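Given next are the chains, with one letter for each unit.
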Amino acid sequence: MNKRGLPKGLILGSCTILETAGHGALVPLYQTLQSAVIRDANDLNSRRVIWVHFGVNSAATRFAIENQAVNEATFRCPDEMGWKPQKLPIVPADGEISRIRETALPVEDITKTLAKMGYEVMTSDDAGRFVCNYVYYHSLRFAEQNGIKSVFVHVPLFLTIDEETQMRFAASLLEILASLY
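The following refers to the structure shown.

Conventions used here
- Residues numbered from 1 in each chain as written.
- Predicted model: local features only at pLDDT ≥ 70, side-chain atom pairs only at ≥ 80, totals over all residues.
- Heavy atoms only, no water.
- Helix = DSSP H or I, 4+ residues; strand = E, 2+ residues; numbered from the N terminus.
- Rg over C-alpha atoms; globule rule 2.2 N^0.38 Å.
- Buried < 20%, exposed > 50% of the residue type's maximum accessible area, 1.4 Å probe, protein only.
- Core = buried A, V, L, I, M, F, W, Y, C linked by side-chain atoms within 4.5 Å.
- Contact = heavy atoms within 4.5 Å.
- Patch = residues over 30% accessible without salt bridge, like charges linked within 9 Å, V, L, I, M, F, W, Y side chains within 5 Å.
- Areas by Shrake-Rupley, 256 points an atom, 1.4 Å probe, with all protein chains shown as cover.
- Salt bridge = Lys/Arg side-chain N within 4 Å of Asp/Glu carboxyl O.
- Lys, Arg positive; Asp, Glu negative; His and termini not counted.
- Charge placed at Lys NZ, Arg CZ, Asp CG, Glu CD.
- Pairing = 2+ DSSP bridges.

Looking only at helices and strands, the protein features four helices and six strands. Helices and strands appear in the protein in the N-to-C order α-β-β-β-β-α-β-α-β-α. Computed over C-alpha atoms, the radius of gyration of the protein comes to 16 Å, within 12% of the 16 Å expected from 2.2 N^0.38 for 181 residues, which places it in the range of a compact globule. Across its three principal directions, the C-alpha atoms of the protein cover 45 × 40 × 25 Å. By the burial criterion, 43% of the 181 residues in the protein qualify as buried.

Okay, structure coming up:
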């Protein structure tokens, strides 16, 4: 974005790196989510808030735009705070671990547009069951409650798709999202 500038109508509210943790990192996650709601409510000229989350999938060979998250925390290894839940609901009040929340954004259209731009990208219905899914589930729930949109993108390692291409991809994604509203 520094090279190309922000797309017309896009305001980058914040860019926060969250700890790779589930339950133990909920407070900073919700502080970040809530700050967008408060900032949006205080800005009379604001239009739409879209949370864009990025997470690394070390096995990926392309970008994946995640359509949904599942109310299940089953971590194959402990998170950065040592938590390793097994088949626990992320939000117990939402019921069973099979509960799914979907993004309100047109993931298929976004993916097709990015593919036409030359990016190796796919739509995914499996955000995993580790921290990425955990964060995305909370984000989708909070977004739904507050009339906001949320999307999660899995990116490969820089060894698979270099950093410069990933930065261009992120900028292109933001341009597409800005054009939606």
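Before going further, it helps to examine the nonpolar core. Counting residues in each nonpolar core, the largest one holds 40 residues, and the members touching the most others are W51, I65, L114 and F169. At the level of elements, α1 (26-42), β2 (63-66), α2 (107-116), α3 (131-146), β6 (149-155) and α4 (163-180) are the ones that each hand at least two residues to this core. The element best represented in this core is α3, accounting for nine residues. Ignoring any residue separated from it by four or fewer positions in sequence, one finds W51 in contact with L33, A36, V37, S139, F142, A143, I148, K149, S150 and V151.

There is a patch of like negative charges on the surface, built from E102, E108, D109 and D125. For E102, the location among the structural elements is in strand β4 (residues 100-102).

The side-chain alternation of β2 yields two buried faces, one formed by F63 and I65 and the other by A64 and E66. Inspection of the sheet shows β2 paired to strand β5 (residues 121-124) by four bridges, in the parallel sense. Looking at the pairing, F63 lines up with V121 of β5. As judged from the three bridges shared by β2 and β6, these two strands associate in the antiparallel manner. What sits directly across from A64, in β6, is H154.

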